[in-house]
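Commentary on secondary and tertiary structure
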Amino acid sequence: MTERPSGVFPAVCPLDCPDTCGLLLHKEEGKIVKVTGNPDHPATKGAICNKVRHMAEKVHHPDRLLYPMKRSGPKGSGRFVRISWKEALAEIAEKFRRLSAEHGSDSILPYSFYGNMGALNAEGMDRRFFGKLGASKLAYTICNSAGNTGWKYTMGFGGGSSPEDTLNAKLFIVWGGNIVSTSMHQAVLMEQARKNGAKIVVIDVHKNLTGRRADWFIPLYPGTDTALALGMMNVLFERGLTDDEFLRAYTVGHEELREHAKAYTPERVSRITGVPVDDIIRLAMMYGETSPSHIHIGNGLQHHDNGGMAVRTVSCLPALTGQWTRGGGAFKSNGSYASLNDDALTRPDLRPNPGVRTINMNKLADALLTTEPKVRGLFVFGSNPAVVAPESDRVREGLEREDLFTVVHELFLTDTAKYADIVLPATSSFENTDLYTSYWHHYVQLQEPVIEPVGESKSNFELFGLLAQAMGFEDEAFREPAATVVRAALDNPDNPYLKGVTLERLQAERFVELDMSPKADYLQRLTTPSGKIELYSQQLQALGLPPLPTYMPLEEGFDGENREHKHTAYPLMFVSPPNHNFLNSTFANVEKHQSMEKEPTLQIHPHDAEARGIEDGQLVEAYNARGVYALKAVVTDLMLPGTVVSQGLWWNTNPGENGTNKRRLANALTSSRIADMGGGATFFSTTVEVRHAQKAETPKPKSFSL
């Protein structure tokens, strides 16, 4: 497609979003001028969000990095000089060889995530390269690991309701997710279900765009989702609304759970969650009496100290009412249906030290400042950790280390790239060959290059192959063409859903549906130890966690039952969910997206604003012992008192007022504590105080104390 300078070409949205949309790229004289949805895509049907609609402005942004650069000023200054690819590769190889010889290969840490969701460029040649190098492993836990782990303790296999099944729902519950902004096609199906008679209930800490579309919005205190689900169970059991035949056939632990739920009376759960008693009973009755019912479990509730247990508990509800055999169920992620041959893709056999240490990506600040042996080499790609990682002030302190050799492969000079010793220009997804699966719908897609690489940019796949050559790695694995790797990744005998999905079909058809026939009898072959839905989990018991769904108060935070008993300098819960026009920090540097979001804001309840003398539109600071975040106050009742909300992750390089440009990071406030399951992040278990903005510089963060 690159050889044709003009025309309309098929493509795939590369963003970390469930929808994985089919696209059409309109190209004139070698440049993408418009991005539209592909109406022939069976799942996304030509509809796309604003983020992707303006993708051409990101691809052809005037600030795209065009050639390799070497630092010429202090770290963080953004001062670089141009060098050649030959010089860049030689210097990186020499540094990595020296670090490996002097400090061990595990002194080098790759840090990446899914800035591009393509399998080849997000988790292919890079895994091969750093494996062969013997670098430290990275645990990819910043997004959904707590919730996915909690789901698997209950359900085993990591798949749930198919999108088309939700059209039949008569009750649609969105629990902790703003799907209008983060999964627009599921929101479309939700609206179609409503037209067919479904009621829409949204449970969240914040009345976001999805909450405003609900027939009934239920606000609760952050981190109390487990208690609300257990309160529903109490009512379901007490009022005889459970499907006992289903429970006997397909679950273990239902009798233990029946007894356990007696402790979670609506009165107690109301005190914990802030949800009125009558609403808890009404919600449970509605859920128990309506079929099919569907629960969409969002990302929000898992980003807490108790996030894994929260998702585990909510995922038990469909079993109690037998929804899995009534056309209902729940969704957390459908990614497992399209599981690729991971060993063929990543080649773990290349690694000489399989027992090497693993560093949790949420703990980057510790990895750079306190971990021993020291991390002395850092290679960042597909991520912007200076903005997205927790404890961002400490992350930047680590990035400032002169003894840390840092390489960043990026499209732009991000906040992270400014701390690099070597910056390498990256291609956009539309300049690459790549393989895409979805964690929502059931189609696999192929992306082939539509435009030539911009400037001297290279893909991750090409870059790590070149670095392997520079390091003298002679394995054939580093010379395999993309087509060979795609074929190997699709050849996964352990996954029957991939049957019939081949490179040749993808080249001809662009999107190929998974073979979903094995799903018909999946309840007979769940991958839990018992082979059933585990309401009682011996695995969790062996780990020292409650085997039954159990509400555990936040380590940092409050609920309605303990709020008055926790004396703290930081009495407000701070929640930082996505905004509508960014995807984490992606698009935050694109002018059109900035203009749509305008500026960072802190939504504060009128009760809390009045107590602090804060008026709408004033410049304020949310702060705790970890850092300070300066932004505009918006006085609103979209959440319960005691909760403040700031949507979106803004680059720190955006101009601020009154010298606040150095205090624009939401994650300066968030902790790197690890959640209860899966090594997950605890972004939303954060407490702060709010004050009028100060002009003084932020002090270095100190140890955090409640």
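Our subject in this report is the structure included herewith. (Residues numbered from 1 in each chain as written. Predicted model: local features only at pLDDT ≥ 70, side-chain atom pairs only at ≥ 80, totals over all residues. Heavy atoms only, no water.)

1. Some thoughts on the sheet that holds strand β27 (residues 687–692)
- Taken together, the 6 strands give a closed barrel; going around it, the order is β22-β26-β23-β25-β24-β27, and neighbouring strands pair in mixed fashion. Across this sheet, the average inter-strand angle for adjacent strands is 45°, counted without regard to direction.
- Note: strand β24 (residues 619–624) against β27, 4 bridges, orientation antiparallel. The partner of Val620 across the bridge, within β27, is His692. (Pairing = 2+ DSSP bridges. Helix = DSSP H or I, 4+ residues; strand = E, 2+ residues; numbered from the N terminus. Axes fitted to C-alpha atoms, helices over the stretch in contact; angles between N-to-C directions.)

2. Here we look at the packing of aromatic side chains
- Throughout the structure, instances matching the rule amount to 20 aromatic pairs.
- Ring geometry for Phe96 and Phe379: centres 6.5 Å apart, planes at 55°, overall tilted. Of this pair, Phe96 sits in helix α3 (residues 85–103) while Phe379 sits in strand β15 (residues 377–381), and the two are 283 residues apart along the sequence.
- Its relative accessible area of 0% is what places Phe96 among the buried residues.
- Using a relative accessible area of 0% as the deciding quantity, one classes Phe379 as buried.
- Among the aromatic residues, those joined into a ring-pair cluster are Phe96, Phe129, Phe130, Phe379, Phe381, Phe405, Phe464, Phe473 and Phe478.
- The lysine or arginine in question, Lys27, covers the ring of Phe9, its NZ or CZ lying 4.8 Å from the ring centre.
- Across the ring face of Tyr67, the terminal group of Arg82 is positioned such that the distance to the ring centre comes to 4.1 Å. (Phe/Tyr/Trp six-rings, centres within 6.5 Å; stacked < 30°, edge-to-face > 60°. Buried < 20%, exposed > 50% of the residue type's maximum accessible area, 1.4 Å probe, protein only. Lys NZ or Arg CZ within 6 Å of the ring centre and 35° of its normal.)

3. Overview of the sheet that holds strand β1 (residues 7–12)
- Spatially, the 3 strands line up as an open sheet ordered β1-β2-β3, and their pairing is antiparallel. Looking at the sheet topology across the chains shown, the edges are occupied by β1 and β3 (31–37). Recorded for the sheet is a direction-independent mean angle of 30° between the axes of neighbouring strands.
- When strand β2 (residues 22–28) meets β3, the two strands line up antiparallel, connected through 6 bridges.

4. Section: the packing of helix α10 (residues 225–238) against helix α15 (residues 307–314)
- Direction vectors running N to C along α10 and α15 enclose 25°, while the axes themselves pass 8 Å from each other. Accordingly, the angle class assigned to the pair α10 and α15 is roughly parallel. Relative to α15, α10 is oriented so that their crossing is left-handed. Within the contact between the two elements, α10 uses Asp225, Thr226, Ala229, Leu230 and Met233 and α15 uses Met309, Ala310, Thr313 and Val314. (Parallel < 35°, antiparallel > 145°, perpendicular 65-115°, else oblique. Left-handed = near helix turned anticlockwise from the far one by under 90°. Contact = heavy atoms within 4.5 Å.)

5. A few points about the pairing of strand β8 (residues 171–175)
- Counted residue by residue, β8 has 5 buried out of 5 residues, so it is predominantly covered.
- With burial as the criterion, each face of β8 is covered, one bearing Leu171, Ile173 and Trp175 and the other bearing Phe172 and Val174.
- With 5 bridges connecting them, β8 and strand β9 (residues 199–204) associate as parallel partners. Looking across to β9, one finds that Leu171 is bridged to Lys199.
- Pairing between β8 and strand β12 (residues 293–297): 5 bridges, direction parallel. Its bridge partner being in β12, Leu171 is matched across the sheet by Ser293.

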